Structure formats: C-alpha cells, structure tokens
Amino acid sequence: MKTLFLLLALMVHNAPEKVVIYDKYEVSFTLGQVSNPYDPEVIDVYADFTAPDGRTFRVIGFYYEGYSLSEANRIEVATRLRDQDCWKVRFTPDLKGRWTYVIHAKDRKGEQRSQQLAFDCMPKDEASGFVRTANRMFLKREVVAGGQKGFRSFFPVGPNVAWYRTADYNKFKKPFGVYEYQYYIDALSGNANYLRVWACRYQYLSLYGPEHAIRDAEGRPTMYFDATLNQKDAAELDYIVSHTADHGLQLMLCFFNNADLRDDSEALESSKPYGSMPSGWQHNPYHTILGLERPVEFFSDPRARRVTRNLLRYFVARWGYATNLMCWELFNEVSDTFKGLPLQGDEKDALINWHNEMAALIRSVDAHQHLISTSTGNNTDIPDLNRRLFDSLDLVQDHNYQNLQKAMSRDQMSHKLFLMTNKMREAHPDKPCFMGEYGLTSRVSGISNTTKDPKGVDLHNCLWSSLFSGAVGPGSFWYWRELRDRDIFDLFKPVTVFSNSLPMLSGTFTAKLTGEVRGKELVFPNGLATYYLANADADTLMGWCQDTAFCYQALRRLTDQVGQNGHFVDDGVFDPEGYIYTLDPAKRPRPSSRDNRIVLPVNGQPRGTKYQVQWFDAETGLELVDEAQVVAVRKPWFGNARIVVEMPASIRDVEGRKVNNTFGDAVFVITCLEGR
C-alpha cells in the first residue's frame, strides 16, 4: 500500500493543471495487480473533489486497458496497447476557479490516499453542461452564455443508432465498428442533437457479451463477464461518446436488452438481418457462466444483481463525466422479456425492485446525476408494470410501432404517434415522457419503407406532430439504416432549429388537436390538421398545421380523388411516379379547402385580448418574419373564447389552389400581448 501512495504522488506531474468549464478533467495512475478491478469489494478507487464554492463531489475511478482503433478495408482494427494500462478518474467541473481533490484506494487491507491535488477551471464565454429536468414535462440544459451560467431549454431531436453494422458484414464476418457510428454521427451533425445507442448487443457493442475477434480453441466466442469486462468495446464507447460530443449530439445509453434474456430461437431470429452472432438466454453469461436457470432470475438472484451493480458502476465511472450523456437507460423494452411467460406476483416485484435498486446505485455513484430511464415494449400481460416501473426513474419512455395502410387521417402515423405519446403523458402526469422508438413496421403492403417513402414525408410529419404531443421532444425514429439509404438526415434539421429557438417552457402545457371524429373518420376543419400545445392560462400556444391533402397516406396514392369530408378514404395503391416519390411540383395535390383559417380556443381570456402570431417554415425551422400576425380574442354569445389565425399564403395559396412548400405545412408560436 505504500507503493500505491508513492505512485499516486507521482501522478500529479502528468495531470493537467488547467481545464475549461464543462470540459473533461482526467487523471491517470497505476496500482498493483488486482484480482477483480471491477468489484469495489476487492478494490474501491475514488476521488473527492472540492469546488471553489465549497461543494464536494465523490467520483469513482475505473480500470483502463489501452486500445487504439483504426480502419482497414472497411473493418475496424483494434490494437492492444498494454503500456497504456492504468487507472483513471474522469470529472467535469461546472465552476471556474481552483478545484482540489484527493484520490483514495481501498482494499481489504486498508486505505491509502494521495496528497491534495489541484487544477484550475478556466472560464469560457459559451459552453454547454448537463441535461436536467426543467419541470414535470420538459428538459433543460446547463449553459454558459456571455460568460454567465444559466439554463436553456433542450428538446432531444434525433434517431436511434442502436448498433453498428456494415453492408460487408456477411463477407468479412467482422463489423465496421465505431466507423459505422462515425458515419451516422457525421451525417446527423448540424441536423439533429440526439441519438440513442445500445451497449448491450453481443455481436456489436457490449462490455459483458461474446467478443467477435477472440475465440476459444473450439471457435466459440469468448465470454466477458464479472472480472473480465470487454475493454475493447469500452474503447469503442469512448470513441462514440467523444465523437458525438464533438458534433453537438446528446446520447441515451442503454445497458440491457430484452432479447438477451429471451428464448434463443426468437432472439436469433431477430438477429438474422444483422449477422449470426449468438444472442438470447442460451448464450447469456448470466446463464452460461453464473448458472441462472430462468431469465427472471436475472432480476432476483443476489449474485446476478452484484455483477450488474458492478457493471453499471463501471459505466458511470468511465462515462459519467460526459455532458452530452442525456440519460442512462437501464433496459430496452423490459416488458417484452417475458412474452408468453406468466409472472408471479413476487417475480413482478423482483423486476420493479431491480429497477429501483439499480437506479439508486447509479445515483449513489454518479457525481453529475444524469437522468435515468428504462423502456417498455408491447407486452400488456403484466398489470401495473408501466405504472410502477417508473416510480424511481426520471424519464418515462415508451416505444410504438404501427403497420398502417389506409389513407384516412386518423390512420396516419403522425396522428397515431401524437395520440400514443399523449397517452403516455396522461398516464404519467408528474414526469417527463419520451417516445424513445417509433416507426412503421418494416414492410407495408409488401413494399419496404425505403421504397414507399423515399423522400421521408412520413418522418417529416411525425417529427412535427410528436414535438407538440407533450413529450420532451419528438419521437425518436428507429430505422436508422433507412436514413442512410434515403439520405434524409436533413429532415431533422428544421425541428432542431425551431426547438432551439424556444424558451424554457412551463409544466402547465397540454397537448391538443383541432380534429374531431365523425363516424369512422377524423375530420379537421378546413382540411388543416393542427396539433398544438397550450399552457394553462391559454396565453401561449404553439403547434404544427398541415393541409390534409399532404398527409403521408394521401400522398402515396395513385390518384387524388376526394372522399367524404374532404379526406382520402380509398386504400389506394403506390404510384412510383407520384408526388411522394418525385416531389415534382406539377404533381402536387390540390389544397383541401378554400381558406386558411385555424380556430383555436383560448378559454379564460376576455374578448379583445390580443395575441402575437409568429409563423415558422416547417422545412427550415426559421421564422417567416413577413407573415407575423396580430389577432384578437373573439367570444360569441354562446361558446368559448377563441382566436382565428391564418396559415400564411406563402405556405398555402388557397386562391391559386397551389401549395407552395413540399409538405403543405407550417409551425406557429402564439403569445398573448398585454392589453387589448
């Protein structure tokens, strides 16, 4: 232990003396050989930091093995660098001035500590820090603006990029690794501000699964588990976290996946499109190494929970410094783990208790207190699961997929996504909510998504409708390879640009729409589908409106024949030369109505109260300054107070019967002016 103290003392000569506010501060040092560097009962390494204002932070250290990553012939090459093996502590200061800290190392023989060390945190005029909850509905992000600390609203806008895969995987049997992520990160840079990544896919990125590059004498993948976590994949995650930060993207990082606990046949079937590496319970080290018999024991067995706690502890130690880590996600679609398996009451309790325990563990070691979530799937056989699952978590998350073929407005994915997200919001009124995955199923009427919607009209519509659904941001699209195949990454940009212009919103908003159900159809007045948020005082409204002739299912039709109530009711067929496939202005559909009026209720506001109406281009997210309006509250003898706004003629030229933008839509922000 004396040697440990001396080595820690020498470390100060290599530590950086200065770091900029909200940048990573990292120190490296060496210790003697340890039987299990991932178990705090064997070796517990941490640093106590003291801020210039007296606050204290305990930051756990982690064992690090050196790797360099390079590319050769579309294959990621990971080179082991044993001379870089060490221990590290990573921390992010949030205040300028002199910070001090002491490093501790404890084992069963006792504790040693370094002398007091220090670094200076330098100010910066503009910087971004950690994402926090702003209120029961929305998020905010710590910022430095003009040299002053504060908060700014944050709406996550972006897709899932859950795992990597290259088109050459089946040829080379080795993945493209971080360079596949690099492609998506670069493509999303400047367009989106968020993506979701899994760290639980055995054949791709996993700290505890079989490693594709190392096999035993019989050719089976080596299992990483407990004392031998996969440091090569940890190096990959270092790269991903760093590269996303450099390109302004926030991350949701998922730890576990339901397929790894499900029956092997189903898990392997779901993995076929992405390679043939083992997945499922039969290949899970919790089963093959630890000896658990049933998947539910993953949540209840004390040995399993110990291993899981140590794994999550390592995630926090190595990547908890990251200001671009929006959220830890404990489990992907945990309810789908038990499809077809009846759970007893105590087994359901074990699942809930596991989430409570792991969330508490993360909070106890995460110096920067990142948000924590999990996600549910489509299994409805576990009563009360969704309600209880999120009691101890920060962010409610659901996933939703639809297989839609009809052309009626109520069957639009954009409409369904709005309703499903709002339903989640209503079920959890006191916590922020997020649709972490959504999409049309892979094939509709035998035509792939890439073929049926090459320009991403449906994605555009879903992003805007779900932005105003009461969630923390628009739904996160699942099919990331379709973004590449169709080259439609820029569809995220207008939503990102617009949401960046919004102030922090209060938690009093409610999601609304202007349509009403008549028989089997959803009818929007004047043929303008409007989805919006209104706060409790009805002094702020914001939303998105679109001509129903431009809804996705109508645009994909062979003809533009109009059914009852001005809606496209025929199932229709795909037209490979139609507007949705070509965006040819000559093929634009006719507007759905003869005027641009949108009527919005503003209950509680007296007659004559004036509102400022700002319009934004839904294709750029920028304000249409020349289209600003001022409207006054109307209050008929019978009925509620309302305002009537006019969708800009520059967007929808009714008189000329033409729609002058690609999607026939616009975005508005309406605020009450003082006086009348």
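Provided above is the structure to which this section pertains.
Anyway, here's the lowdown on the structure attached to this text. (Residues numbered from 1 in each chain as written. Predicted model: local features only at pLDDT ≥ 70, side-chain atom pairs only at ≥ 80, totals over all residues. Heavy atoms only, no water.)

Some remarks on the overall build of the protein
- Scanning the protein from terminus to terminus reveals 17 helices and 34 strands.
- Looking at the protein as a whole, 58% of its 676 residues qualify as buried.
- For the protein, the share of sequence-separated contacts (at least 6 apart) that also reach a separation of at least 24 residues comes to 70%.
- Counting only carbon and sulfur atoms, one obtains 48% of the accessible surface of the protein, whose full area is about 27,000 Å². (Helix = DSSP H or I, 4+ residues; strand = E, 2+ residues; numbered from the N terminus. Buried < 20%, exposed > 50% of the residue type's maximum accessible area, 1.4 Å probe, protein only. Contact = heavy atoms within 4.5 Å. Areas by Shrake-Rupley, 256 points an atom, 1.4 Å probe, with all protein chains shown as cover.)

Comments concerning the packing of helix H8 (residues 302–319) against helix H9 (residues 345–365)
- As a packed pair, H8 and H9 sit with axes 10 Å apart at the nearest point and diverge in direction by 35 degrees. Relative to H9, H8 is oriented so that their crossing is right-handed. Across the interface between the two elements, Arg-305, Thr-308, Arg-309, Leu-312, Arg-313 and Val-316 from H8 touch Trp-354, Glu-357, Met-358, Leu-361, Ile-362 and Val-365 from H9.
- When grouped by side-chain class, the residues that make up the contact of H8 with H9 number seven nonpolar, one polar and four charged. (Axes fitted to C-alpha atoms, helices over the stretch in contact; angles between N-to-C directions. Left-handed = near helix turned anticlockwise from the far one by under 90°. Nonpolar A, V, L, I, M, F, W, Y, C, P; charged D, E, K, R; others polar.)

Some points on the nonpolar core
- One finds Phe-49, Phe-256, Tyr-286, Phe-315, Trp-319 and Trp-328 to be the most contacted residues of the largest nonpolar core, which totals 163 residues.
- When residues in this core are grouped by element, the largest group, nine residues, is from H8.
- Leave out the neighbours within four places in its chain, and Trp-319 touches Arg-90, Leu-207, Ala-234, Leu-237, Asp-238, Val-241, Tyr-314, Leu-325 and Trp-328.
- In terms of nonpolar packing, the next biggest core, distinct from the first, is built from 23 residues, Val-631, Ala-641, Ala-666 and Phe-668 among them. (Core = buried A, V, L, I, M, F, W, Y, C linked by side-chain atoms within 4.5 Å.)

Structural notes on helix H11 (residues 413–427)
- Along its 15 residues, H11 runs 21 Å from first to last C-alpha, staying within 8% of the 21 Å computed at 1.5 Å per residue.
- Every buried residue of H11 is accounted for by Met-413, Ser-414, His-415, Leu-417, Phe-418, Thr-421, Asn-422, Met-424 and Arg-425.
- Those residues of H11 hidden inside the fold are in contact with strand E19 (396–402), strand E20 (433–440), helix H13 (457–467), strand E23 (510–513), strand E25 (521–523) and strand E26 (528–534). (Expected span 1.5 Å × (residues − 1).)

Comments concerning helix H15 (residues 493–500)
- All of the buried residues along H15 are Pro-494, Val-495, Thr-496, Phe-498 and Ser-499.
- Buried residues belonging to H15 abut strand E12 (148–154), H13, strand E29 (610–617) and strand E34 (665–672).

Things to note about unusual backbone geometry
- The backbone of Gln-369 shows a phi angle near 50 degrees, a positive value even though the residue is not glycine.
- On the secondary structure map, Gln-369 appears in the loop between H9 and strand E18 (371–373).
- Look at Ala-538: it is not a glycine, yet its phi comes out positive at around 55 degrees.
- In this structure, Ala-538 sits in the loop between E26 and strand E27 (540–547).
- Overall, the relative accessible area of 7% leaves Ala-538 in the buried class.

Here we look at the pairing of strand E8 (residues 110–113)
- Pairing of strand E7 (residues 97–107) with E8, which is carried by four bridges, proceeds in the antiparallel orientation. Paired with Ala-105 across the strands is Gln-112, a residue of E8.
- Counting the residues between successive antiparallel strands, the hairpin from E7 to E8 contains two residues. (Pairing = 2+ DSSP bridges.)

Considerations on the pairing of E34
- Where burial is concerned, most of E34 is hidden: six out of the eight residues are buried.
- The pairing of E27 with E34 spans seven bridges and is antiparallel. Among the inter-strand pairings, Met-542 is bridged to a residue of E34, identified as Val-669.
- Bridge analysis of E29 against E34 gives seven bridges, and the strand direction is antiparallel. Among the inter-strand pairings, Asp-617 is bridged to a residue of E34, identified as Ala-666.

Describing the pattern of salt bridges
- Scanning the entire structure with this criterion turns up 33 salt bridges.
- With a closest N to O distance of 3.0 Å, Asp-226 and Arg-306 form a salt bridge. Of this pair, Asp-226 sits in the loop between strand E15 (221–223) and helix H4 (231–246) while Arg-306 is found in helix H8, placing the two residues 80 residues apart along the sequence.
- Taking the relative accessible area as the measure of exposure, Asp-226 reaches 22% and is therefore partly exposed.
- A single salt-bridge network, built from bridges that share partners, covers Lys-24, Glu-26, Lys-88, Arg-90, Asp-238 and Arg-318. (Salt bridge = Lys/Arg side-chain N within 4 Å of Asp/Glu carboxyl O.)

Remarks on the side chain of Asn-230
- Tracing the sequence through the fold places Asn-230 in the loop between E15 and H4.
- Only 3.4 Å separates the side chain of Asn-230 from the backbone oxygen of Ser-206, close enough to count as a polar contact. (Polar contact = N/O pair within 3.5 Å; in protein donor to acceptor, adjacent residues only side chain to side chain.)

Section: the packing of aromatic side chains
- Following the criterion strictly, the structure yields 57 aromatic pairs and no others.
- With a centroid separation of 6.0 Å and an interplanar angle of 65 degrees, the aromatic rings of Tyr-184 and Phe-489 are classed as edge-to-face. Within this pair, whereas Tyr-184 is found in helix H3 (residues 178–188), its partner Phe-489 is found in the loop between helix H14 (480–486) and H15, the two being separated by 305 residues in sequence. The exposure classification of Tyr-184 matches that of Phe-489, with both residues buried.
- Here the aromatic rings of Phe-255 and Trp-328 are separated by 5.6 Å at their centres, their planes lie at 25 degrees, and the arrangement is stacked. (Phe/Tyr/Trp six-rings, centres within 6.5 Å; stacked < 30°, edge-to-face > 60°.)

Re the sheet that holds strand E10 (residues 126–133)
- On the basis of which strands lie adjacent, the open sheet formed by three strands has the order E10-E11-E12 and antiparallel pairing. Either end of the sheet is taken by a strand with one partner, and the two such strands are E10 and E12. Each adjacent strand pair in this sheet contributes to an overall mean axis angle of 25 degrees, direction not counted.
- The pairing of strand E11 (residues 139–145) with E12 spans seven bridges and is classified as antiparallel. In the strand pairing of E12, Ala-145 is matched with Gln-148.

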